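Per-entry structural report
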Amino acid sequence: EAQVTQNPRYLITVTGKKLTVTCSQNMNHEYMSWYRQDPGLGLRQIYYSMNVEVTDKGDVPEGYKVSRKEKRNFPLILESPSPNQTSLYFCASSPQMRDWGRERGYTFGSGTRLTVV
Amino acid sequence: DQQVKQNSPSLSVQEGRISILNCDYTNSMFDYFLWYKKYPAEGPTFLISISSIKDKNEDGRFTVFLNKSAKHLSLHIVPSQPGDSAVYFCAASYTGNQFYFGTGTSLTVIP
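Quick notes on the rules
Residues numbered from 1 in each chain as written. Chains lettered and ligands numbered in written order. Predicted model: local features only at pLDDT ≥ 70, side-chain atom pairs only at ≥ 80, totals over all residues. Heavy atoms only, no water. Helix = DSSP H or I, 4+ residues; strand = E, 2+ residues; numbered from the N terminus. Rg over C-alpha atoms; globule rule 2.2 N^0.38 Å. Buried < 20%, exposed > 50% of the residue type's maximum accessible area, 1.4 Å probe, protein only. Contact = heavy atoms within 4.5 Å. Areas by Shrake-Rupley, 256 points an atom, 1.4 Å probe, with all protein chains shown as cover. Disulfide = S-S within 2.5 Å. Core = buried A, V, L, I, M, F, W, Y, C linked by side-chain atoms within 4.5 Å. Buried area = accessible area lost by both parts, 1.4 Å probe. Salt bridge = Lys/Arg side-chain N within 4 Å of Asp/Glu carboxyl O. Nonpolar A, V, L, I, M, F, W, Y, C, P; charged D, E, K, R; others polar. 1 Å grid on protein atoms, 1.4 Å probe; cavity = no way out; pocket = protein on both sides within 12 Å on 5 of 7 lines; lining within 4 Å. Points joined across faces, edges and corners; volume = space filled by probe spheres on them.

1. Observations regarding the overall build of chain A
Counting its regular elements, chain A contains zero helices and eleven strands. The order of helices and strands in chain A, counted from the N terminus, is β-β-β-β-β-β-β-β-β-β-β. Computed over C-alpha atoms, the radius of gyration of chain A comes to 14 Å, within 12% of the 13 Å expected from 2.2 N^0.38 for 117 residues, which places it in the range of a compact globule. By principal-axis analysis of the C-alpha atoms, chain A measures approximately 45 × 30 × 30 Å. A buried classification covers 48% of the 117 residues belonging to chain A. By sequence separation, contacts in chain A at least 24 residues apart represent 55% of the contacts at least 6 residues apart. Of the roughly 5800 Å² of accessible surface on chain A, 50% is carried by carbon and sulfur atoms.

2. Let's talk about the state of the cysteines
All names here are of chain A. Per the stated rule, a full pass over the model turns up two disulfides over all chains. Two residues share a disulfide in this structure: Cys23 and Cys91, whose sulfurs sit 1.9 Å from each other. Across the disulfide from Cys23 to Cys91, rotation about the S-S bond amounts to roughly -75 degrees, and the bridge is consequently left-handed. Here Cys23, found in strand 3 (residues 19-25), pairs with Cys91, found in strand 9 (residues 87-94); they are 68 residues apart in sequence, far enough to count as distant. Across this residue pair, the class does not change: Cys23 and Cys91 are buried.

3. A few points about the nonpolar core
A general trend in soluble globular proteins is that nonpolar side chains are found buried together. Formed by 24 residues in total, the largest nonpolar core has its most connected members in B:Phe33, B:Trp35, B:Leu73, B:Leu75 and B:Tyr88. Non-local contacts of B:Leu75, meaning those with residues more than four positions away in its chain, are made with B:Ser19, B:Ile20, B:Leu21, B:Trp35, B:Leu47, B:Ile48, B:Phe62, B:Thr63 and B:Tyr88.

4. What to know about the interface of chain B and chain A
Between chain B and chain A, the contact holds 23 residues from the first and 25 residues from the second. For the pairing of chain B and chain A, the buried interface totals around 1900 Å² over both sides, and the portion due to carbon and sulfur atoms is 51%. In this assembly, chain B and chain A are joined by zero salt bridges. Among the secondary structure elements, those contributing two or more residues to the side of chain B that touches chain A are strand 4 (32-38), strand 5 (45-51), strand 9 (86-95) and strand 10 (98-101) of chain B. Of the residues in the side of chain B that touches chain A, the class split is ten nonpolar, ten polar and three charged.

5. So, the layout of surface pockets
Considered as a void within the structure, the largest pocket measures approximately 490 Å³ in volume. In this structure, the largest pocket is lined by 28 residues; those nearest its centre are A:Gln37, A:Leu88, A:Arg113, B:Lys38 and B:Val87. Residue assignment for the lining of the largest pocket shows that the elements contributing at least two residues are strand 4 (31-38), strand 9 and strand 11 (112-116) of chain A together with strand 9 and strand 11 (105-110) of chain B. Of the residues that constitute the lining of the largest pocket, the class distribution is eleven nonpolar, twelve polar and five charged. The wall of the second largest pocket is formed by 13 residues, among which A:Asp59, B:Asp1, B:Gln2, B:Tyr100 and B:Phe101 lie closest to the centre. The element that contributes the greatest number of residues to the lining of the second largest pocket is strand 10 of chain B, accounting for four residues. Here the residues of the lining of the second largest pocket are counted per class, giving six nonpolar, four polar and three charged.

Quick look at the structure:
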């Protein structure tokens, strides 16, 4: 089954304790991205990657890191989590889109609910 | 600044009636628009899309309308069913892989 897999689904951690949320896709997609969803703010992009070893900042990158060493994996790293990073996180992937190929947008993972206390 | 806006955080509709979800955008460069549906504890899933060369696209009970002059799109669900109860996000793009999302509208269909 074609899918984007995130782990863990739920995570409670303490301020300052480094954590990694993993994301893996099995569709050979070039493009991967991380979003956070917060009440009243919708989905905001954190980082994205156009291909292996190519990453760039989205709208809210502060406090996050990413890496793309393999095509299928795109982990999100919080070096020193803070309470304002408590949120619902989604990983997404898509094939490289040309103008005619944007019909279905992204495939999203099921989400990771992170609480930082 | 939010380039894609959904001004109604929530909407309640009786089963069998029409649901109309609205979305406004500010960037006139946007030329592709999508609607996603999200159930609790799941990721958003693709619902329907429309290119700026069209003003309407239908898929079963779902129709998306695009008014480029007003920078407005809407999603019509007819007839609404209880299983349609979810959060709906609109998204817009003007190049490649970059999509900009609205804040979402929570639809409740009352049996």
